[in-house]
Amino acid sequence: STPQTRLKEWLDPGNTGSVTNNGYDPYAPADSFDVELYNVLSPVNNTCNTVINPSITVANLGALAVSTITVNYYLDGNSSSSFVWTGNLAPQANTVVNLPSIPVTPGGHIFYANINLPAGLPDKNIYNDSISTSFVIYDSVASAPPLVQEFESGNFPPANWAVSTPISGTTWAESNKGGFSQSGHSAVADEWSPAQSTSGEKPGLFSTPVNLVNAPNVPLFLKFDVAYAPYNALYTDSLAIFVSNDCGTNWTLIYQKGGDSLSTAPHKDSLFVPTANQWRKDSVNISNLNGQSDVLFQFQGPGQAQGKAA
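Now for a quick tour of the structure. Small disclaimer: the values here were computed from a predicted structure and weren't measured. Here the residue numbering is sequential within each chain, running from 1 through the sequence in written order. For a predicted model such as this one, the threshold for reporting local features is a pLDDT of at least 70, and the threshold for listing and counting side-chain atom pairs is 80 or more; totals across whole chains, interfaces and linings nevertheless cover every residue. With hydrogens and water set aside, each side-chain value is computed from the structure's full complement of heavy atoms.

Moving on, we get to the environment of V84. Working definition: helices are DSSP H or I runs of at least four residues, strands are E runs of at least two. Numbering for both runs from the N terminus. Mapped onto the elements of the fold, V84 is located in strand 5 (residues 81-89). A C-alpha to C-alpha distance of 9.6 Å links V84 and I115, two positions 31 residues apart in sequence. Should any heavy atoms of two residues lie within 4.5 Å, those residues are considered in contact. For V84, the residues in contact, after removing those within four places along its chain, are T68, I69 and T70.

Here it is in C-alpha cells:
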C-alpha cells in the first residue's frame, strides 16, 4: 500500500506499464556505467536558516570507475543549476557531493536533484538518477501572543506558516468550510480524494514562531476547532500536535487523538464536508512554555494507515 512495500515500484520503477519482467540475474555483469543518486543528506530538517547547503550521496553501481558526474538541482519550480563533480568513484563505492549554497525564503520548499554522466558515457539505468525531499524554513521573527490564525487571507499556507509535502503530494490545503460555519475557510487534510496511497504519511502544518517571553503569567492555551469523520472502525486517521522551542530541531508531542476519540461526526464512506454542528472546540494547556522564545507548533495528520476522511 506504500511505494516502499508495493511490488509495482520494484518491478516497474519507470512506470512503463509493462506486465512482464525478464527477472534479475545476480551473476549477470554490471552495466558499464550506472550511477545512482542514493539519498539527500541536506536539506532534510526544518530550520530557521535562510541559506541551505545541499548535500547528496552518489553511488557507482556500474562495472567501470567514474571520474565526472553532473548534478542538476533546483528548488520548487525554479530554474535548475548544474554542478560538476570530479574525482575517482570506483565500482560499488559511493561519495558525498556538496553543492553550492542556496538562499531560501521562509515557507515550505521541495529540493530536487538529478545526476547524469558526461556526453559519450550514457547511464544505463536512468531510473535511479533523480530524488527530491521537502523541508520548511521558519520565519526568524517571532510573533507576540495572542496569535490568531483563521485562514481567511486567501493565501495558503498563510504568511509565515508552512506545510510539509510527503511523497504522494497530499498535504494540508485550504478548505472553503470554516469552523462552525462562522468563517469562510479552514485548513484541511483530505484523505479521501488522493489518487495514490497516502498510508503512513504524516503531512505537517507549521505555525509561525511565537514569542512567549513576555506572555501573561496565567494559564496559556493553544485553542483550535476541529472536524473529523472516520471511514469506519478499522480505517481511521489521527491528529497530533507537536511543539518545538529550538527552531524545529526537536519536537515534543502535546496532543494526539484518533479514530472515534477525534471524530465529530459519524463514520462516512464518502468525502467528509462538515456541517456547522460537526465541529468541536479543543485546547492544549501550554503553560509550561511560558517564558520561551521562538515557539513553533506543528499540526500533523492524518498519521494512521489508509485514512479515508477529510
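As judged from the seven bridges shared by strand 4 (residues 66-75) and strand 5, these two strands associate in the antiparallel manner. Each residue of the ladder has a partner; that of T68, found in strand 5, is T86. For two strands to count as paired, DSSP must find a minimum of two bridges between them. Taking the residues that link successive antiparallel strands as the turn, the strand 4-strand 5 hairpin has five residues, and the phi of D76 there is positive, at about 55°.

Let us look at the side chain of N72. With respect to the helices, strands and loops of the structure, N72 is situated in strand 4. Each residue is assigned to one of three classes by its accessible area relative to the maximum for its type, calculated with a 1.4 Å probe on protein chains only: buried under 20%, partly exposed between the two thresholds, exposed over 50%. N72 sits in the buried class, given a relative accessible area of 17%. A distance of 3.3 Å separates polar atoms of two side chains, one belonging to N72 and the other to N116. Discounting residues that sit within four places of it in the chain, N72 has contacts with S81, S82, Y112, A113, N114 and N116. Residues adjacent in sequence count toward polar contacts only when both atoms are side-chain atoms; beyond that, a polar contact is any pair of N or O atoms within 3.5 Å, and within protein one must be able to donate a hydrogen and the other to accept it.

Moving on, we get to the packing of aromatic side chains. Each aromatic ring pair is characterised by the separation of its centres together with the angle its planes make. Paired rings are identified among Phe, Tyr and Trp, the last through its six-membered ring, by centres lying within 6.5 Å, and are further divided according to the angle between planes into stacked (under 30 degrees), edge-to-face (over 60) and tilted (the rest). Evaluated as defined, the whole model comprises nine aromatic pairs. Here the aromatic rings of F224 and F299 are separated by 6.0 Å at their centres, their planes lie at 80°, and the arrangement is edge-to-face. Taken together, the residues F224 in strand 14 (residues 221-226) and F299 in strand 18 (residues 296-300) connect sequence positions 75 residues apart. With relative accessibility at 11%, the residue F224 sits in the buried group.

Right, let's get into empty space enclosed by the protein. For each structure, a 1 Å grid was placed over the protein atoms alone; sets of points admitting a 1.4 Å probe that cannot get out are labelled cavities, open sets with protein on both sides within 12 Å along at least five of seven lines are labelled pockets, and lining residues have an atom within 4 Å of a point. Grid points are joined across faces, edges and corners, and a volume is the space filled by probe spheres set on the points. Applying the stated criterion to the full structure yields one cavity of 30 Å³ or more. Roughly 40 Å³ of internal volume is contained in the largest cavity. Along its surface, the largest cavity is lined by P106, G107, V136, I137, Y138, N160, W161, A162, F206 and S207. Each residue is assigned to one of three groups, with Ala, Val, Leu, Ile, Met, Phe, Trp, Tyr, Cys and Pro labelled nonpolar, Asp, Glu, Lys and Arg labelled charged, and all others, Gly among them, labelled polar. Its residues assigned to classes, the lining of the largest cavity shows seven nonpolar, three polar and no charged.

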